[in-house]
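# Summary of structural features
Read off the chains here:
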Amino acid sequence: MAGNAGPKRQDTRKFVENLSGEGKCIAVLTSGGDAQGMNAAVRAVVRMGIYVGAKVYFIHEGYQGMVDGGDNIKEATWESVSSMLQVGGTVIGSARCKEFRTHEGRLKAAHNLVQRGITNLCVIGGDGSLTGANLFREEWSGLLNELLEQGLINEEAVSSNSVLHIVGMVGSIDNDFCGTDMTIGTDSALHRIIEVVDAIMTTAQSHQRTFVLEVMGRHCGYLALVSALACGADWVFIPEMPPDDGWEDNMCQKLSENRADKKRLNIIIVAEGAIDSHNKAITPDCIKDLVVRCLGFDTRVTILGHVQRGGTPSAFDRILGSRMGVEAVLALLEASTDTPACVVSLVGNQAVRLPLMECVQMTQEVQKAMDEKKFDEAVRLRGRSFENNLSTYRLLSYRKLDSELPNSSFNVAVLNVGAPAAGMNAAVRSAVRVGITEGHKMFAVNDGFEGFAKGQIKEIKWGDVGGWTGQGGSLLGTKRTLPAKRLAKIAEQMRIHNINALLVIGGFEAFESLLELYEARAHHEEFCIPMCILPATISNNVPGTDHSLGADTSLNAIVEANVEHLTQKMKTTIQRGLVLRNENCNENFTTDFIYQLYSEEGRGVFDCRKNILGHMQQGGAPSPFDRNFGTKVAAKAMQWITRALKESYKGGKVFTNAEDTACLLGMRRRAMVFQPVAQLREETDFEHRIPKDQWWLKLRPLMKILAKYKTSYDVSDAGQLEHVTRVRPKDFQPSV
């Protein structure tokens, strides 16, 4: 007889089918400057709202449309948001509205909403737009009483519309809103900047030129900072980091040294709000004049302007907008009478809800700190994403003289394993330069572990990795070969070159390789050293991480190849759908079979086409996300390796067989975490070469809902209202 199994565990999961929007009216508007990805958010709000049974309204032209009413406020249908996911800007229009800033204007807006029974508002915009929404909510009861006194509404209308719920989503290319790692539109703006930089680099190299680029960011230097990281710029000027006095000589000296090292071009990136330590504006023209006067270099200025707002949204912004839009509807459905206005934010890879005014107040504190020249505090208030970018830039921006470097006497090898993935070269460049800055001697291994066994190992210097950030594929060469059959030869090469630590950048094969080396420690002392893997594969199938290098670039290649073609076809009277198939999803339902099935069954109703993308998903220049992500994670990995080397150096040599010195660095929800590969074994399905738990599979029911399929969607992870985390100034130490 079986023993007592104990009380049955209660299922505490929440499902979207248990949330009802019946009787609720939701309105969505976009306000302030437009940003790519706003349409994805609008589409998600409309379709999720309709899916749960609510009425959803468009408010055209932002707050101006709310004040004017009439045809500006229209009920949305499922079909009215078709074909807008890939469209830039905002199709429902955005306008700055002076009238909404007045009490009379807000009274008109309240009347227009009450007439339609709208008490749930999704506002997509910047901090000004969201602050206006919160003020509107605070005044709501008073506005209704005024309308009642004026005879414009009755007691029943006051009672049935007594509470206004507000949920914000931040649409801003500047990424200047505190509380979120990324705002909708930022990634797409970076795409526009990097496209221009990549184009400029070809002509600049031809003529040995210096280019000064001005990018948007009157109050926030995020775009300038990240684009500088993503293209390996020589110098960057941002409002949060005014250069010290004498910067003119320092910059010219660096440009001169780079040119002497046979670097044929120099890139200087300037945020439009850049200032010096005396609060004087630093403009592209003054930089150009300085370079020409002091160095005589052929120097050109490019001001990108509104190009950064244009074009189609990136894959990241389409997904971000869709996730945020769904989360906003869930927040409205779960809101109670005393729920404060909230904003849906992204922290790491997780959607969270934060009190709107806490975020707005912190955003305003940033500007106050900058006005008071408390720049370290301003950086802290910007949040961890900005801090990490700035810290990495500082690590990589200054090439120390040999006499200034710490002498670690450690040798660190870096290699790529598995299929090539965009971002690998950015990671190698960052690892090499941070390693040299830490005082290590860096070695490059060609062709993975196959090359390792053959002795294809050579020292790699600072200048050897110049210009690598924007290069696709793997410049070191990469092979899928695992080390198991070559352990003795690899160990021999490690002895010959006295390798004290190993950084492996690659996909599932890289993970398996590090496991094999870890397990071989008992037989080969050479592997008793710190070892780290950075996941890099377009398949995103490495355990221990939500994101792998290369996946973002691949997604952008897919959406560009398919959606642009589809968009053109959608402009005709014949409407078409899109079916995406994984190459190994089913041995019977092949691409040809599905194509033939649709062709036959749809004869006379719709056309059918097929397109196999193949290896183009691996090729091309890395996306800004992959360049930046590769740069940051490699820098973090090298710092971990330095610490591990110091801790394991005893008796004149490096030795460690501890589990936590063979690690994978991955993004887990909100944080970057070093995890022992031995522990990740339990999380891995080796037969199918995937993690046992894949977070992105939870997006599948979301995709189905937005495509009008009835399905079950677990929303247990939907963000509960949290508070903005603050680091007290006395605890804060600026990154150096």
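Treat the numbers as computed from the prediction; the structure is a model and nothing was measured.

Assigned domains within the protein: domain 1 (21–183 + 313–367), domain 2 (187–308) and domain 3 (411–548 + 621–691). Facing the 10 residues of domain 2 at the interface are 9 residues of domain 3. Note on domain 2 versus domain 3: buried area summed over both sides is about 780 Å², and carbon and sulfur give 60% of it. A salt bridge links arginine 627 to aspartate 198; its shortest N-O distance comes to 2.7 Å. Remark: the boundary between domain 2 and domain 3 carries 2 residue pairs in polar contact (both at pLDDT 80 or more). Secondary structure elements with two or more residues in the side of domain 2 that touches domain 3: α6 (186–207) and α7 (222–231). If one sorts the elements of the side of domain 2 that touches domain 3 by residue count, α6 sits on top with 5 residues. Considering only residue class, the side of domain 2 that touches domain 3 consists of 6 nonpolar, 2 polar and 2 charged.

This next bit is on the packing of aromatic side chains. If you walk through the whole model with that rule in mind, you get 13 aromatic pairs. Consider the rings of phenylalanine 410 and tyrosine 649, whose centres lie 5.4 Å apart with planes at 80°: the pair is edge-to-face. Taken as a pair, phenylalanine 410 in the loop between α13 (384–397) and β12 (411–417) and tyrosine 649 in strand β18 (residues 649–650) lie far apart in primary sequence, 239 residues in all. The exposure class of phenylalanine 410 is buried, given its relative accessible area of 8%. Connected via pairs of aromatic rings, a cluster forms that spans Tyr63, Phe100, Phe136 and Trp140. Stacked on the ring of phenylalanine 297, the Lys or Arg arginine 259 has its end atom at 4.1 Å from the ring centre. Over the aromatic face of phenylalanine 386 sits the side chain of arginine 382, whose NZ or CZ is 6.0 Å from the ring centroid.

Across the sheet, which stays open at both edges, the 7 strands sit in the order β3-β2-β1-β4-β5-β10-β11 with mixed pairing between neighbours. Of all the strands in the sheet, just β3 (73–75) and β11 (350–355) have a single pairing partner and so form its edges. Each strand axis lies, on average, 25° off the axis of its neighbour in the sheet, ignoring direction. When strand β5 (residues 165–170) meets strand β10 (residues 342–347), the two strands line up parallel, connected through 3 bridges. Note that in β10 the partner of methionine 169 across the bridge is valine 344. Docked against the sheet, helix α11 (residues 356–371) engages β5, β10 and β11, running at close to 85° with respect to β11.

For the rest of this paragraph, the subject is unusual backbone geometry. With a phi close to 60°, lysine 373 is a non-glycine residue in the positive phi region. When its relative accessible area of 44% is taken as the criterion, lysine 373 is described as partly exposed. Phi is positive for arginine 669, close to 55°, though the residue is something other than glycine. Considering the arrangement of structural elements, one finds arginine 669 in the loop between β20 (662–668) and β21 (671–676).

Basis of the calculations
Residues numbered from 1 in each chain as written. Predicted model: local features only at pLDDT ≥ 70, side-chain atom pairs only at ≥ 80, totals over all residues. Heavy atoms only, no water. Domains from an automatic or database assignment. Contact = heavy atoms within 4.5 Å. Buried area = accessible area lost by both parts, 1.4 Å probe. Salt bridge = Lys/Arg side-chain N within 4 Å of Asp/Glu carboxyl O. Polar contact = N/O pair within 3.5 Å; in protein donor to acceptor, adjacent residues only side chain to side chain. Helix = DSSP H or I, 4+ residues; strand = E, 2+ residues; numbered from the N terminus. Nonpolar A, V, L, I, M, F, W, Y, C, P; charged D, E, K, R; others polar. Phe/Tyr/Trp six-rings, centres within 6.5 Å; stacked < 30°, edge-to-face > 60°. Buried < 20%, exposed > 50% of the residue type's maximum accessible area, 1.4 Å probe, protein only. Lys NZ or Arg CZ within 6 Å of the ring centre and 35° of its normal. Pairing = 2+ DSSP bridges. Axes fitted to C-alpha atoms, helices over the stretch in contact; angles between N-to-C directions.

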